[in-house]
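Residues per chain are reported as follows:
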Protein chains: 2
Amino acid sequence: MLTYTHHNNEITLNHLNQTVHLKGWAAKVRNLGGLIFIDLRDRFGITQLVIKPENPLYEQALKIKNEYVLDIKGVVIERESKNPNLFTGDVEVDVTELSILNTAETPPIIVANDTDALEETRLKYRYLDLRRPLMQNFLMKRHQITQAIREVLVGEGFYEMETPILGKSTPEGARDYLVPSRLYPGTFYALPQSPQIYKQLFMVAGMEKYFQVARCFRDEDLRADRQPEFTQIDIEQSFVDMEDIQGLIERIMKHTFKKVLNVDVATPFIRMSYQEAMERFGSDKPDLRYGLEIFDAKPLLNGVDIPFFQGKEHIRGLILEQGSTITRKRIDQYTDVVKKNHGEALAYLRLQDGQYSGSIVKFFNEPDLKQLPLKEGNIMFLVPGLFDHVSSALGALRIELGNEFKMIPENTYKFLWVVDWPLLEYSEEEQRFYAKHHPFTAPVDPEVLRNDPKNAMAKAYDIVLNGYEIGGGSIRIHRQEVQRLMFDTLGLSKEDINHRFGFFVDALKYGTPPHGGLALGLDRVVMLMTNTTNIKDVVAFPKTQSAKDVMMQAPSDVDAIQLDELNIKVGEVK
Amino acid sequence: MLTYTHHNNEITLNHLNQTVHLKGWAAKVRNLGGLIFIDLRDRFGITQLVIKPENPLYEQALKIKNEYVLDIKGVVIERESKNPNLFTGDVEVDVTELSILNTAETPPIIVANDTDALEETRLKYRYLDLRRPLMQNFLMKRHQITQAIREVLVGEGFYEMETPILGKSTPEGARDYLVPSRLYPGTFYALPQSPQIYKQLFMVAGMEKYFQVARCFRDEDLRADRQPEFTQIDIEQSFVDMEDIQGLIERIMKHTFKKVLNVDVATPFIRMSYQEAMERFGSDKPDLRYGLEIFDAKPLLNGVDIPFFQGKEHIRGLILEQGSTITRKRIDQYTDVVKKNHGEALAYLRLQDGQYSGSIVKFFNEPDLKQLPLKEGNIMFLVPGLFDHVSSALGALRIELGNEFKMIPENTYKFLWVVDWPLLEYSEEEQRFYAKHHPFTAPVDPEVLRNDPKNAMAKAYDIVLNGYEIGGGSIRIHRQEVQRLMFDTLGLSKEDINHRFGFFVDALKYGTPPHGGLALGLDRVVMLMTNTTNIKDVVAFPKTQSAKDVMMQAPSDVDAIQLDELNIKVGEVK
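It should be emphasised that the depicted structure is a prediction, and the values quoted were computed from it without experimental measurement. (Residues numbered from 1 in each chain as written. Chains lettered and ligands numbered in written order. Predicted model: local features only at pLDDT ≥ 70, side-chain atom pairs only at ≥ 80, totals over all residues.)

**Thoughts on the overall build of chain A**
Looking only at helices and strands, one finds 15 helices and 25 strands in chain A. Across the 574 residues that make up chain A, the buried fraction comes to 46%. (Helix = DSSP H or I, 4+ residues; strand = E, 2+ residues; numbered from the N terminus. Buried ≥ 20, exposed ≤ 12 C-beta atoms within 10 Å, placed from the backbone.)

**Digging into the sheet that holds strand 2 (residues 35-41) of chain A**
Residue and element names in this part refer to chain A. One closed barrel accounts for five strands, arranged 1-2-3-5-4; its pairing is mixed. Shown here is a sheet whose adjacent strand axes are inclined to one another by a mean of 55°, direction ignored. Pairing between strand 2 and strand 3 (residues 46-51): six bridges, direction antiparallel. By the bridge assignment, D39 is partnered in strand 3 with Q48. (Pairing = 2+ DSSP bridges. Axes fitted to C-alpha atoms, helices over the stretch in contact; angles between N-to-C directions.)

**A word on the relation of the copies chain B and chain A**
Superposing chain B onto chain A takes a rotation of 180° combined with a translation of 0.0 Å along the rotation axis, leaving an RMSD of 0.1 Å. Both copies of the chain, as the preceding transformation shows, are related through a two-fold rotation axis. A shared binding surface is used by both copies, with 100% of the interface residues of chain B retained as interface residues in chain A. (Least-squares fit on C-alpha atoms with pLDDT ≥ 70 in both. Contact = placed C-beta atoms within 7 Å.)

**Digging into the sheet that holds strand 16 (residues 379-385) of chain B**
Residue and element names in this part refer to chain B. Taken together, the five strands give an open sheet; going across it, the order is 12-13-16-14-15, and neighbouring strands pair in antiparallel fashion. Every other strand in the sheet has two partners, leaving strand 12 (295-296) and strand 15 (355-357) as the edge strands with one partner each. For strand 14 (residues 347-352) and strand 16, the ladder comprises four bridges, and the chain directions are antiparallel. When the sheet's bridge partners are listed, A347 is paired in strand 16 with L382.

**Digging into the domain arrangement of chain A**
Considered domain by domain, chain A is made up of domain 1 (13-102), domain 2 (136-272 + 415-538) and domain 3 (290-404). For domain 1 of chain A and domain 2 of chain A, the distance between their C-alpha centroids amounts to 51 Å. (Domains from an automatic or database assignment.)

**Quick notes on the packing of helix 4 (residues 133-155) of chain B against helix 14 (residues 522-529) of chain B**
Any two packed helices are characterised by the angle at which their axes cross and by the distance between the axes. All names here are of chain B. Where helix 4 meets helix 14, the axes come as close as 10 Å, and the angle between the chain directions of the two elements is 120°. Between helix 4 and helix 14, the angle is such that the two are oblique. As for how helix 4 packs across helix 14, the hand of that crossing is right-handed. Contact with helix 4, carried on its side by K141, R142, I145 and T146, involves L522, V525, V526 and M529 of helix 14 and no other residues of that element. (Parallel < 35°, antiparallel > 145°, perpendicular 65-115°, else oblique. Left-handed = near helix turned anticlockwise from the far one by under 90°.)

**A word on the packing of helix 4 (residues 133-155) of chain A against helix 6 (residues 242-261) of chain A**
Residue and element names in this part refer to chain A. The N-to-C vectors of helix 4 and helix 6 enclose an angle of 140°; their axes lie 9 Å apart at closest approach. When the axes of helix 4 and helix 6 are compared, the pair comes out oblique. Along this stretch, helix 4 crosses helix 6, giving a crossing that reads as right-handed. For the pair formed by helix 4 and helix 6, the contact residues are K141, Q144, I145, A148, I149, E151 and V152 on the first element and R251, I252, H255, T256, K259 and V260 on the second. Here the contact of helix 4 with helix 6 is composed, by residue class, of six nonpolar, three polar and four charged. (Nonpolar A, V, L, I, M, F, W, Y, C, P; charged D, E, K, R; others polar.)

**A short note on the environment of A:W25**
Residue and element names in this part refer to chain A. With respect to the element layout, W25 can be found in strand 1 (residues 19-32). Take W25: there are 26 C-beta atoms within 10 Å of it, and that puts it in the buried class. Sequence separation of W25 and E92 is 67 residues, and the distance between their C-alpha atoms is 16 Å.

**Some remarks on unusual backbone geometry**
Residues and elements named next belong to chain A. Here the bond from T267 into P268 is cis, since omega is -5°, no more than 30 degrees from zero. Tracing the chain through its elements places P268 in the loop between helix 6 and strand 11 (270-273). Although it is not a glycine, Q553 adopts a positive phi angle of roughly 60°. On the secondary structure map, Q553 appears in the loop between helix 14 (522-529) and helix 15 (560-566). By the C-beta count within 10 Å, which is 16 here, Q553 ends up partly exposed.

**Section: the pairing of strand 13 (residues 314-320) of chain A**
Residues and elements named next belong to chain A. Of all seven residues in strand 13, five are buried, a share of seventy percent or more. Taken together, the two bridges between strand 12 (residues 295-296) and strand 13 define a ladder with antiparallel strand orientation. Each bridged residue has a counterpart across the sheet, and for F295 the counterpart in strand 13 is G317. Note that strand 13 and strand 16 (residues 379-385) share seven bridges and pair antiparallel. When the sheet's bridge partners are listed, L320 is paired in strand 16 with I379.

**Comments concerning the interface of chain B and chain A**
If you look at the interface, chain B gives 101 residues, while chain A gives 101 residues. When residues of the side of chain B that touches chain A are assigned to their parent elements, the largest contribution, seven residues, is made by helix 4 of chain B. Here the residues of the side of chain B that touches chain A sort into 55 nonpolar, 22 polar and 24 charged. Sheet topology note: the strand 25 (residues 568-570) of chain A/strand 25 (residues 568-570) of chain B ladder contains three bridges and is antiparallel. When the sheet's bridge partners are listed, A:V570 is paired in strand 25 of chain B with B:I568.

**Some remarks on helix 4 of chain B**
Here helix 4 of chain B is 23 residues long and its end C-alpha atoms lie 32 Å apart, about the 33 Å a rise of 1.5 Å per residue gives. Residues B:M135, B:Q136, B:F138, B:L139, B:R142, B:H143, B:I145, B:T146, B:I149, B:R150 and B:L153 constitute the buried set of helix 4 of chain B. Buried residues along helix 4 of chain B sit in contact with strand 6 (159-160) of chain A together with helix 3 (126-129), strand 9 (209-217), strand 10 (229-238), helix 6 (242-261) and helix 14 of chain B. Trailing helix 4 of chain B by a residue or two, B:G157 shows a phi angle of about 90°, which is positive. (Expected span 1.5 Å × (residues − 1).)

**Quick look at the pairing of strand 5 (residues 91-102) of chain B**
As judged from the two bridges shared by strand 3 (residues 46-51) of chain B and strand 5 of chain B, these two strands associate in the parallel manner. Its bridge partner being in strand 5 of chain B, B:L49 is matched across the sheet by B:V93.

**Looking at helix 10 (residues 387-404) of chain B**
All names here are of chain B. Given a rise of 1.5 Å per residue, 18 residues ought to cover 26 Å, and the 25 Å separating the end C-alpha atoms of helix 10 matches this to within 8%. Inspection of helix 10 places V390, S391, S392, A393, L394, G395, A396, L397, R398, I399 and L401 among the buried residues, and these make up the whole buried set. Where helix 10 is buried, its residues touch helix 7 (274-281), strand 13 (314-320), helix 8 (328-340) and strand 16. Where helix 10 ends, the next residue or the one after it, K406, has phi of about 45°, a positive value.

**Observations concerning the nonpolar core**
With 258 residues, the main nonpolar core has A:V179, A:L397, B:V179 and B:L397 as its most contacted residues. Leaving out residues up to four positions away in the same chain, B:L397 has contacts with B:L318, B:Y334, B:V337, B:V338 and B:F381. (Core = buried A, V, L, I, M, F, W, Y, C linked by C-beta atoms within 7 Å.)

**Brief notes about the environment of B:H478**
Topologically, B:H478 is positioned in the loop between strand 23 (468-475) and helix 12 (480-489). Once the C-alpha coordinates of B:H478 and B:Q237 are considered, the two residues, 241 residues apart in sequence, prove to be 12 Å apart. Discounting residues that sit within four places of it in the chain, B:H478 has contacts with A:N102, B:L508, B:T512, B:P513, B:P514 and B:H515.

**What to know about the confidence of the model for chain A**
Here chain A averages 94 in pLDDT, while 99% of its residues score no lower than 70. At the level of chain-chain contacts, confidence expressed as ipTM amounts to 0.95, with global pTM at 0.96. (pLDDT = per-residue confidence, 0-100.)

**Topic: the environment of A:I568**
Mapped onto the elements of the fold, A:I568 is located in strand 25. Sequence separation between A:I568 and A:L98 is 470 residues, and the spatial gap between their C-alpha atoms is 57 Å. When neighbours within four sequence positions are excluded, A:I568 is seen to be in contact with A:P180, A:L563, B:I568, B:K569, B:V570 and B:G571.

Here you go:
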C-alpha cells in the first residue's frame, strides 16, 4: 500500500520543509555537477527530485534511468534555479527514502509531448504513447466531457440503460459487422450501427427518458475521422417535439463547455434551414467561425455573355478579399477542388492595381466590370451548374480558402442547428427514394409524404460545431400507419418490411407515445473540445485507417477448431 | 411540446382545485354508474382520472381503451372512495381537456405487475413486458446503482475510459465470439471476455486509476444466471495492494446500498480464506445469512466402525435442527444432490422422540450415540471422501436445506471477502497447471511459484454477497520476469507466449507500476439489490437460455453478398 501524500503537480513553496511521499515515473534524469536531478512524473504533473552526493541513496539513485517507477519520500526545499513554466518549479524534493518499484528498458518512443515517432510506431506502443502527458490529457478530457454530459441527463431524469451489442442485421445504410452463431449454424448476429430501434422500443415501453454512452460499429472503408467502432451519446425522450430535444442538447453543451473548458456558450444556438446552409455555405454543416459566404452571381452577370455560363441553372460565387497573392498554379489547384466536389468549372475575376484580370475578363465591358462588388485586391470565384453541384463545389472551395488564409479564429466555438430537412432523397439512378436521415424520421406532414413525397419535409435536426456535424436527431414516427406509409414510399415490399422491421411495426400499435431524440458523436465532440484534428488522439486504443489493431495484432488467425464449432469456412483469398 | 405539470405519482390533497397537466397510458379504464374512471400511468406512478356524463369530453372518453396514450388537463378533486394503497389515492383529476396521442390494440400480455405470460411471450413482446411497473423499476434501479457506483469512482479520481469491443482472440478460458474481417480475409476480431489486458495497459500507460462500465462476451452454454453479453464494472488502480482495492469496493458498496436502498452496510467486510470458506460452508462463495455450518465428523466417530467410512480421508457433516419432518423420500433426494456434487454417499442419523434412527445407526453403541451433538428433533448428515468432494457435496446440501427450511432472512445483505486463494490448479488429467483466476494474477511470493508451484498462493480476492460471487480481483504481476515464470509454469511455449501475449509481456518491461483491480458483475449486483432471482429481469433486452433474441429474431440469416464480402462460407448444418 503506497500512501503517497501528494500528486506531482501540487507542491509549491507553501510546502517548504515538509516531508512528502511521492510516486511516479522518472521522466528525465540528469547528473549536473554531481547532483542527480529527476523529474518525477505522474498523470497530474512533474515534481523535481534532487539527490546530493552526500546522500546515502546516491549510489542507488545512479541506477535510475528514464521511465523507472519510483516511490520516494523527501523534504521540500527551495530550488536554486527556478522554472517559471512549471507550477512546482519553485521547489524540489530532497530525497530521504527511495524505492525503485520497477525498472525500464529504453522505450522505443520518447515519453514527452513532442514526438517525431511515426503513427504506426505510436499505435504499436500505444501504452507508451498514452504515457505522454498530451495524450493523457486527451483521455482525461474525454472522461470529463462524458461525465459533464451525463450530469445534465441524469439531473433531468434520464435513465442510463444498456442495449445489446449482439443484435440483428438490418441492411440499409452502412455495412454491418457480423458475428457467427455457434448454436444456430449459418446464422449471424450483427453489431449495432446505432441503438436506434432499441431506443425507440424504450419509448414504446414507457421509459420516457433514455440515454446511453453507446458503442456503435460500421464496417466501412475508413476516413481520417472515422473508426470502425465509435461512441455516441444516444438520447431519446417521449412527449417531445423538436424544440425540447434542441433545448436539452443546448443545456448539455452549455454545461459541458463551462465545466470542462470554462467556456461560456451562448444559447439558444442559431437555427438555419438546410436550404439556407447550402445557399450561403455550400454545406449542411457550415463552419460559422468565418464569413466568405456564397452568393448568387447571376444578377451581376446580366447582359454579360459568357459562353460556358449559357443555359446554366445557377451561377454562384465567392469573393476572397485577400486575393492579390494567388498564383495561376494555385487557381489550377482550386479548380481541382471544385471538380472533385461536383463543380463543372471554376471561373475567376481579380481586381489588382486597378486592373481587372481573370479567366472571364474578356467577356466583360469596362462598365459591367465596375458594377461588380470587387474592391482592390479582391478575387471573385464563380461556378456554374446545378444548385447541388455548385453548392458542394463552392462549399469545398470555401473551406480550402478559409484554412489557407487563416480566416478561422482559434478557441472559438460556433454552434448551430441545421433544420428543415427534406425527408427523402430521390436516386435518379435507382428510380427510388431513400430516407435522408433514416426511415423512422417523422414527416412534418404525413399528407405531403402521401401525396407529394419529393417535397415532404422532416422533423429532423443536426447540430453542427465549427464545421463538423456533432450530432443528428429527429422526432420519430409514432403512428403505425405513418411508418407503413414511409416504408411503402421507400419501396419496401410487405415481405421486406415484415422480415426486417416486422416486430417494430408491430410494436407501434400498442400505444406508442410521440417521441424523438438525438445522438451526439462523442469522439468528435472530444476532438473539437481538445483542439486536435485526429480522431485517434481521443480514442484510447484506436484502429489504423485499415481497421487494424497493430498493438494487439487484430484481426488475427483463429484455430481451425473455433471455425469448426461455428460451422464456417474461410474461402480462398481472392 | 407537452409541458406537463406533474408526473402521475405526485398529486395529493395538497393540490386540491389546482389545474394539472398530465400524460401517460390508460392503465385501466372503468365505466361505473355512468362515470368513466381511467388510471393514468407513467414511469413514476398512477393518477386516477374521472370523466362525468355531463362532461363534453364524455363521448370522446368512451373510446379510450387500455394502453391508449393520453394528454390531459383537469382539476384535482377529492375522491369519494379513497385508495389507501396509492400515494395519489385520495384524489382524482376531473378532466377538462383531453387529447388521445395514440391508440392501442389489445396487448398480447397484460401490462401489470402480476403476469402469467410465458417467458418466451414476455421476451417476444419485451417492449410491453418492460411497460410493467415492476420491470421499469428493475431498470430504474439498475440506472441508480450504476450511477451510485460511478459517483464513488469519479469522486476518488478514477477516469472512465473505453476499450475496444473489436479485439483479439486469446483462447484460454471461455469461448470467444468472433467477427470476420472484411479487409483481411480469413482473419477475425474477437469480442472481449473482459478488458483485462487493456486495463493493465492503462496502468502501464500511467493512467493510475481507471474504470469502465464494460460490456463483456462469452460464447458459453448458458445457465440461468448467465447471458452471452454481460456488464462488469471494471476497475484498475496503480500503486496499490489488496487492502486498497478491497477498501475501495467497500466504499462503493456502502454508498450504493445507502443511496439506492437506504440500507446501511457495515464495513470492513469479513475476510475469510478460501480454505476456511470451503471447510465451513463447502463453497468459495458462502451465503453467510444463515449458519448450518459444516464440521469435521471424524472425531465423533472414534471407535465407531462404519464399513463404507473406512479409509476415507474425510468424514464431514451438517446438523439440521428441524429434522423431524424429513421423509425417507426426501433423504433420497438429498442423496441425489450430494452425488451430483461429487459426494460419494450420504449417511444420516436422527434423534426423534428420544430414539436414534438413520442409515448408520446400527453401527453405533448406545453410549457412542449419546456422545453425538444431536438434540431432540435434530438430524445429522455425513459425507465421506476427499476434502474437495465432501465440501462441494455438503455445500450444495447446505443450500438445499437453507432454502427448504427458510433459514434465509429477507432483506439481509451479508458481504465477505474470500481471500488467500491458491494461485494454480493442477489438472491430473492434462498433467498441467491452470491459473485459478487468470495468468496475470500476482503470486504472494514468486519464489514459491518457482520452487513449489502447487503451494503458491495468489494475491486474489473475491467479493461475495448472499452466496453469489459479485466480483473478483487481484493484484497483477508487474514484473516481466514473474509474468514469464507464470506463463512457463502454465506450460506455455515461448512461441505460444509470443503469439498470444507477446506485446503484453513486452509492455511490462518499460516501467510498469504495481497495480491491481477488480471487476464487479453489474447484472448480479442489480439482481441481488432488486431481490429477483432471474438475471433477465435486470437486462433490458436479454437473450433466451439458448442465446436467441426472440423479439428481433437474432441471430438471423444474412445475404449471400455479405458473406461473400467477408470471404466466408457457411458449412453444412451438422
